[in-house]
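An overview of the molecular structure
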Amino acid sequence: ALQARLHQGDGGLFLWLVNPTHKPQQTSFALAPGFGAVKATASLWPEKAAAPAGSTLTVPARDAVVLQLG
């Protein structure tokens, strides 16, 4: 039910997790080995969403989580 997008630009690598549903969704994430040892270094939206790769996080209903990866 979630949509995941990676964005890489001048500011670094970012993971967007978008939840268009009417219910909170729990998820975990892992990137392909080609990205190297990547982990969430900061949560840009909301502030306290940061979770290490492989751990569970919740994306609120009709909302998003944006993580800076490093």
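Everything in this summary refers to the structure shown in the same document. Because the structure is predicted, anything quoted here is derived from the model rather than measured.

A separate point is the overall build of the protein chain. The number of helices and strands found in the protein chain is zero helices and six strands. Counting helices and strands in the order they occur from the N terminus, the protein chain gives β-β-β-β-β-β. In summary, the protein chain has a C-alpha radius of gyration of 11 Å against a globular reference of 11 Å for 70 residues, a match within 12%. Principal-axis analysis of the C-alpha atoms gives the protein chain an extent of 35 × 20 × 20 Å. Out of the 70 residues belonging to the protein chain, those deemed buried represent 26%. In the protein chain, the share of contacts with a sequence separation of at least 24, taken over all contacts with a separation of at least 6, comes to 60%.

All right, on to the sheet that holds strand S4 (residues 40–45) then. Strand order in this open sheet of four strands is S1-S2-S6-S4, and the pairing throughout is antiparallel. Each edge of the open sheet is held by one strand with a lone partner, namely strand S1 (3–9) and S4. When strand polarity is set aside, the average angle formed by the axes of neighbouring strands in this sheet is 25°. One ladder, built from seven bridges, connects S1 with strand S2 (residues 12–19); its direction is antiparallel.

Here Ala40 shows up in strand S4. In this structure, the C-alpha to C-alpha distance between Ala40 and Val66, residues 26 residues apart in sequence, is 9.7 Å.

Definitions and limits used
- Residues numbered from 1 in each chain as written.
- Predicted model: local features only at pLDDT ≥ 70, side-chain atom pairs only at ≥ 80, totals over all residues.
- Heavy atoms only, no water.
- Helix = DSSP H or I, 4+ residues; strand = E, 2+ residues; numbered from the N terminus.
- Rg over C-alpha atoms; globule rule 2.2 N^0.38 Å.
- Buried < 20%, exposed > 50% of the residue type's maximum accessible area, 1.4 Å probe, protein only.
- Contact = heavy atoms within 4.5 Å.
- Pairing = 2+ DSSP bridges.
- Axes fitted to C-alpha atoms, helices over the stretch in contact; angles between N-to-C directions.

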